Amino acid sequence: MTTYLLYNLGTPAGRWANETAEALKQEQVSVELLDADSPRGIELAQHYDVLGRPAIVMVRDDGSPVQVWQGQDGLPQLADVVYYAHT
């Protein structure tokens, strides 16, 4: 399973993304940071219907979505992400 953190460079979400990625790595969660405006970020957002930024997209190894959280007000607690990552 991979957890993607989508954010826009040069915004306060950049700091959130880096801090969240480090915390998740400490919990042994596979994390990839993606600029939402990069080709890969745009592709991922379109594929999983992500409209809000920042966003957390968790996908299984086969590409099927596990959970998607988006928008500053819709982000989960770190413990929730860790829970989904280890189930």
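For the structure, see preceding data.
In this report, we go over the structure that sits alongside the text. What you see is a predicted model; the values in this text were computed from it and never measured.

Some remarks on the sheet that holds strand β3 (residues 55–59)
In step 1: Read from one edge to the other, the open sheet built from four strands follows the order β2-β1-β3-β4, with strand pairing classed as mixed. Every interior strand has two partners, whereas the edge strands, β2 (31–35) and β4 (65–70), have only one. Within the sheet, the average angular offset between the axes of one strand and its neighbour, ignoring direction, is 15°.
In step 2: The sheet strands contacting helix α1 (residues 12–26) are β1 (2–7), β2 and β3, and the helix crosses β1 at an angle near 165°.
In step 3: Sitting on the sheet, helix α2 (residues 39–47) touches β1, β2 and β3, and the angle it makes with β1 is about 110°.

A look at the packing of α1 against helix α3 (residues 78–85)
In step 1: Between α1 and α3, whose axes approach to 11 Å, the crossing angle comes to 45°. Taken together, the axis directions place α1 and α3 in an arrangement best described as oblique. In the crossing of α1 with α3, the sense of the turn from one axis to the other is right-handed. Listed contacts from α3 to T20, A23 and L24 of α1 are L78, V81 and V82.
In step 2: Counted by class, the contact of α1 with α3 contains five nonpolar, one polar and no charged residues.

Brief notes about the pattern of salt bridges
In step 1: In total, this model carries two salt bridges according to the counting rule given.
In step 2: A salt bridge links E19 to R15; its shortest N-O distance comes to 2.9 Å. Highlighted residues: E19 and R15, both in helix α1, separated by four residues, approximately one helical turn.
In step 3: Using a relative accessible area of 62% as the deciding quantity, one classes R15 as exposed.
In step 4: Residue E43 is joined to R40 by a salt bridge in which the shortest nitrogen-to-oxygen separation is 3.6 Å. Of this pair, E43 and R40 are both found in helix α2, three residues apart, which corresponds to roughly one turn of the helix.

Thresholds applied
- Sequence order as written defines the numbering, with residues in each chain counted from 1.
- Only residues with pLDDT of at least 70 get local features here, since the model is predicted, and only at 80 or more are side-chain atom pairs given and counted; chain-wide, interface and lining totals rely on the full set of residues.
- Side-chain numbers come from the whole structure's heavy atoms, not from hydrogens or water.
- At least two DSSP bridges between two strands are needed for those strands to be called paired.
- Secondary structure elements are taken from DSSP: a helix is a run of H or I of four residues or more, a strand is a run of E of two residues or more, and numbering for both begins at the N terminus.
- Angles shown run from 0 to 180 degrees and are taken between the N-to-C directions of axes, each axis being a line fitted to C-alpha atoms and, for helices, limited to the stretch in contact.
- What makes two residues a contact is simply this: any of their non-hydrogen atoms within 4.5 Å.
- Small angles under 35 degrees read as roughly parallel and large ones over 145 as roughly antiparallel, with 65 to 115 read as roughly perpendicular and the rest as oblique.
- Helix crossings fall into two classes, left-handed where the near helix is turned counterclockwise from the far one by less than a right angle and right-handed where it is turned clockwise.
- Amino acids are sorted into nonpolar (Ala, Val, Leu, Ile, Met, Phe, Trp, Tyr, Cys and Pro), charged (Asp, Glu, Lys and Arg) and polar (every other residue, Gly among them).
- Here, a salt bridge means any Lys or Arg side-chain nitrogen found within 4 Å of an Asp or Glu carboxyl oxygen.
- The buried label applies to any residue whose accessible area, calculated with a 1.4 Å probe on protein chains only, is under 20% of its type's maximum; exposed applies above 50%, and partly exposed to all values in between.

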